[in-house]
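Examining the three-dimensional arrangement
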Amino acid sequence: MGRYSLMMGSEALVRGAIYAGVRFYSGYPITPATEIAEYMAQLLPKVGGIFVQAEDELAAINMAIGASVAGWKAMVATSGPGFSLMQEGIGYAVNSEIPLVIVDVQRGGPSTGQPTLPSQQDVMQARYGSHGSYEIIVLTPGNVQEMFYLAIDAVNLSEQYRTPVILLTEEVTAHLWEKIYIPDPGEYPVLPHVTPTPQNGEGFLLETQLHDERGYNVANDPELSAKALWRLINKIRDNVDKIAKIDVRFNDDDPEVFIASYGCSARSALAAVKMLRREGYRVGYLRLITLWPFPSQQIRSKLRNASTIIVPEMNSGYMAEVFKTLGYNVISLPKLGGEMPTPEEIYNVARGVLE
Amino acid sequence: MRVKAKVLKIDIDKYLCKGCYICVDKCPTKVFEISDVIGDYGAFLPEARHIERCVDCGICELYCPDYAITIVRGD
Amino acid sequence: MNPLIQKYLRSEYAQKRRRTIFCPGCGNGIILGYFIRAIDELKREGKFDDSKLYIVTGIGCSGNTPIPLKYNIVRALHGRALSVATGIKLVRPDAEVVVFAGDGDLLSIGGNHFIHTIRRNVGVKVILINNMLYGMTGGQVAPTTPMNAITHTTPYGNPEPPLDACKLAVSLGATYVARWTVALAKQCIQSIKELLLHKGFGLLECLSQCPVYQGRYIIGIDRPSKIMDYYLKITEISSEPRYGEKITIGKFVDYEKPTYEEVIWSMINRIKVMNNEG
């Protein structure tokens, strides 16, 4: 039986990562992710881990990749400007199949933007930030307990599918204090670390150009290159049902209208749904826990009767566009400026739709 | 006193030699000459025509960028 | 194929199914041969264990130098080889980590990581293959190109003075710095042996030849052996690094001081003990 504790989102994330076996962290100070680096600097050496403050985010992610190749689970955390710098490292980890967790504590952007205010503006960058065609797994915690559990899930998914996993959260969730449950060691499953292994008496060859299964460069051969890249893409695409998770509530009476959100905005969405239900309106609630790969199949099967989806989010309406591709009538509630959408704002729009 | 083995011949690998002729130019006693045999890479292969002049300095083997040269020693 | 070298190559290369990508006369192949011979001599003397060797390489012609080797090879992104090497060395301090990088890779885009890896004294050994330009992309100017040289991106002459990597390393406090040319075989092999046995950061800069671009554009000759003679003309032995009309070669610095992984691991062991007692 574990224990309960009151802590900040950043600390929960760090404790979850350490529970999952992360022992190497390299970081660079950036608001609002600096607390993650500071907690790691304090807690990692106590369990025999290594903390390095790198000279910039590029060095940070490359050091973490080196540590992962050499045999330790590694993590990096940053915010918007640093996330832009880390994109080449993310592409590197995708192509060379290196397990790694990257945390992005979103703040107002673009450029230096709003360093101390939250946003959800990096959702598309998390999916498409690096150059080239690739698939990636992105998780969004909605509360401090999920910061703990999704950190472990992110590590496990990265080991299982040998891919980098992005944990996308917001400044407000990282700085929020809530009571969480910390399981005992062994209570929550943790997968072992995978590294490239020597074959046939000779060392492994880890290549950054497109390569075959032995590591030899196939970049000049169109057929082999296509085969190598499709394998990386289908690794995720063929397993969407096993990877993706969503949270659907208030759908027992198959409502036609749903309020769908993710991360911190989902808390306001849930409050709005409860307000509407108390007044007798038939409306459902959907929260995306896995942002990418987008769980189209699961959404279609759980939202059986849905025709209209209201999407409140703290960016210019990115995920609303994705819901539109599923064929629903989508009402986008984009909110910029750094304040969470309030339950009243969502309630007003939803009531207008339901009447 | 252990006598160093004599150089019997110098082999040039025709698959590997790219015809840079560092061996031809750098040999201190001009053992090599460029033959008219074409190797697998498309270059005229060097040949150790004057092997009796070889002083076993090892420079040809050390300098070859493609490891095509093997000095064969024996008695 | 030369049997000594063949022992150390991957099966695709050792069994002659693949050739190296180097142009005829490229200095990279010669330097790889020196590296293999240095390891072979150390192994015969019983001073080196090559079962725990990681080789990290950069991008470019110089980054392709160690690919035929049968050791663990990690290719890093352009300029980031030192960061990846630091990550590997911290997690496996008992392993030997050697970095092969070119002058454009290590000093231009990787300049920041160069500075901080030396400052921390991470125990990685760097073999910097300096051919004074960017070879793989077709002969563009690099931080080590001499002033007024003609290259593909400086068709009217290079307006920038060159950077001396060895002087930078010495001033940052590197513990082993040496520079030789590719023509000086015995000195290069000896330097690589000293580098592999050295504790802490080590830099060996090897002035190499690129007959296709450097030879034809900067120097004016494209016969590889003549480029080696050119190097013998413009270099002189000294104990101070200089890089101008004349380039100085030699072993500049060789001493020891606490390495980064020593400091970090002793700190971790101390804290673990304190944590277990508390």
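Because the structure is predicted, anything quoted here is derived from the model rather than measured. (Residues numbered from 1 in each chain as written. Chains lettered and ligands numbered in written order. Predicted model: local features only at pLDDT ≥ 70, side-chain atom pairs only at ≥ 80, totals over all residues.)

Moving on to the overall build of chain C. Helix and strand counts for chain C stand at 11 helices and 10 strands. Relative to a compact globule of 278 residues, whose C-alpha radius of gyration would be 19 Å, chain C shows 19 Å and is just as compact. Overall, the C-alpha framework of chain C stretches about 70 × 45 × 30 Å when taken along its three principal axes. For chain C, buried positions account for 54% of its 278 residues. (Helix = DSSP H or I, 4+ residues; strand = E, 2+ residues; numbered from the N terminus. Rg over C-alpha atoms; globule rule 2.2 N^0.38 Å. Buried ≥ 20, exposed ≤ 12 C-beta atoms within 10 Å, placed from the backbone.)

Moving on: the overall build of chain A. Of regular secondary structure, chain A possesses 14 helices and 16 strands. By the compact-globule yardstick of 20 Å for 355 residues, chain A fits well, its C-alpha radius of gyration being 21 Å. By principal-axis analysis of the C-alpha atoms, chain A measures approximately 70 × 50 × 45 Å. When burial is assessed residue by residue, chain A has 50% of its 355 residues classed as buried.

Another aspect to go through is the packing of helix H1 (residues 9–19) of chain A against helix H2 (residues 34–43) of chain A. All names here are of chain A. Relative to each other, H1 and H2 sit at 45°, their axes nearing to 9 Å. Between H1 and H2, the interaxial angle falls into the category oblique. Crossing handedness for the pair H1 and H2: right-handed. The segment H1 lies against H2, with Ser10, Glu11, Leu13, Val14 and Ile18 engaging Glu35, Ile36, Tyr39, Met40 and Leu43. Looking at side-chain class alone, the contact of H1 with H2 contains seven nonpolar, one polar and two charged residues. (Axes fitted to C-alpha atoms, helices over the stretch in contact; angles between N-to-C directions. Parallel < 35°, antiparallel > 145°, perpendicular 65-115°, else oblique. Left-handed = near helix turned anticlockwise from the far one by under 90°. Contact = placed C-beta atoms within 7 Å. Nonpolar A, V, L, I, M, F, W, Y, C, P; charged D, E, K, R; others polar.)

Take the interface of chain C and chain B next. Contacts between chain C and chain B engage 17 residues on the former and 18 residues on the latter. For the side of chain C that touches chain B, a count of residues per class yields nine nonpolar, six polar and two charged.

Before going further, it helps to spend a moment on the pairing of strand S12 (residues 257–262) of chain A. Two faces make up the sheet, and in a regular strand the side chains alternate between them. Residue and element names in this part refer to chain A. With six of its six residues buried, S12 lies for the most part within the structure. A two-sided burial pattern is seen for S12, the buried positions comprising Val257, Ile259 and Ser261 on one face and Phe258, Ala260 and Tyr262 on the other. Where S12 lies against strand S13 (residues 283–288), six bridges are found, and the strand directions are parallel. Across the sheet, residue Ile259 finds its bridge partner in S13, namely Tyr285. On the question of chirality, the crossover connecting S12 to the parallel S13 by way of helix H11 (residues 265–278) is right-handed. Strand direction decides the pairing type here: S12 and strand S15 (residues 308–313), joined by three bridges, are parallel. Bridge pairing links Ile259 to Ile310 in S15. (Pairing = 2+ DSSP bridges. Right-handed = clockwise from strand over helix to strand, strands pointing away.)

Another aspect to go through is the nonpolar core. Within the largest apolar cluster, 199 residues are counted, with the highest numbers of intra-cluster contacts made by Ala64, Ala151 and Ile259 of chain A together with Val56 and Val99 of chain C. Taken domain by domain, this core gets at least three of its residues from each of domain 1 (3–182) and domain 2 (246–354) of chain A. Residues in contact with Ala151 of chain A, not counting those within four places in the same chain, are Leu13, Gly16, Ala17, Ala20 and Leu167 of chain A. Formed by 12 residues, the second largest nonpolar core is a distinct cluster that contains Met132, Tyr134, Cys210 and Tyr213 of chain C. (Core = buried A, V, L, I, M, F, W, Y, C linked by C-beta atoms within 7 Å. Domains from an automatic or database assignment.)

This part takes up the sheet that holds strand S1 (residues 53–57) of chain C. The nine strands lie next to each other as S10(A)-S2(C)-S1(C)-S3(C)-S4(C)-S8(C)-S7(C)-S10(C)-S9(C), forming an open sheet whose pairing is mixed. Both outer strands of the open sheet, strand S10 (205–206) of chain A together with strand S9 (235–237) of chain C, are each paired with one neighbouring strand and no more. When strand S3 (residues 96–102) of chain C meets strand S4 (residues 125–130) of chain C, the two strands line up parallel, connected through five bridges. Among the inter-strand pairings, Ala101 of chain C is bridged to a residue of S4 of chain C, identified as Leu128 of chain C.

Moving on to the domain arrangement of chain A. The figure often quoted for interface size is the accessible area lost as the parts come together. Residue and element names in this part refer to chain A. Entries for chain A in the domain assignment read domain 1 (3–182) and domain 2 (246–354). Listed by partner, the interface residues are 23 residues for domain 1 and 20 residues for domain 2. Elements with a minimum of two residues in the side of domain 1 that touches domain 2: strand S6 (114–118), helix H6 (123–128), strand S7 (137–139), strand S8 (164–170) and helix H8 (171–174). Here the side of domain 1 that touches domain 2 takes four residues from H6, the largest share from any one element.

Once that is clear, we can look at the environment of Arg44 of chain C. All names here are of chain C. With respect to the helices and strands, the residue Arg44 is situated in helix H3 (residues 27–44). A tally of 9 C-beta atoms within 10 Å means that Arg44 is categorised as exposed. Placed 99 residues apart in sequence, Arg44 and Pro143 show a C-alpha to C-alpha distance of 39 Å.

We now examine the sheet that holds strand S11 (residues 246–249) of chain A. Through backbone hydrogen bonds, the strands of a sheet pair up, either in parallel or in antiparallel fashion. All names here are of chain A. What the five strands build is an open sheet, ordered S11-S13-S12-S15-S16; its pairing is mixed. Of all the strands in the sheet, just S11 and strand S16 (329–334) have a single pairing partner and so form its edges. Here the strands of the sheet are splayed against their neighbours by 20° on average, with no regard to which way each runs. Relative to S15, helix H14 (residues 343–354) is tilted by about 165°, and along the sheet it contacts S12, S13, S15 and S16.

It is worth spelling out the packing of helix H9 (residues 211–219) of chain C against helix H10 (residues 224–234) of chain C at this point. All names here are of chain C. Put simply, H9 and H10 touch, their axes get as near as 11 Å, and they point 55° apart. As summarised for this structure, H9 and H10 are arranged oblique, according to the angle between their axes. Crossing geometry of H9 relative to H10 is assigned as left-handed. Here Pro211, Gly215 and Ile219 of H9 come into contact with H10, specifically with Pro224, Ile227 and Tyr230. Partitioning the contact of H9 with H10 into residue classes produces five nonpolar, one polar and no charged.

What follows covers the interface of chain C and chain A. On the side of chain A, 31 residues touch chain C, which itself brings 30 residues to the contact. Of the residues contributing to the side of chain C that touches chain A, the split by class is 14 nonpolar, nine polar and seven charged. Examined bridge by bridge, S10 of chain A and strand S2 (residues 72–75) of chain C share two bridges and lie parallel to one another. Opposite Leu206 of chain A, over in S2 of chain C, you have Val74 of chain C as the bridge partner.

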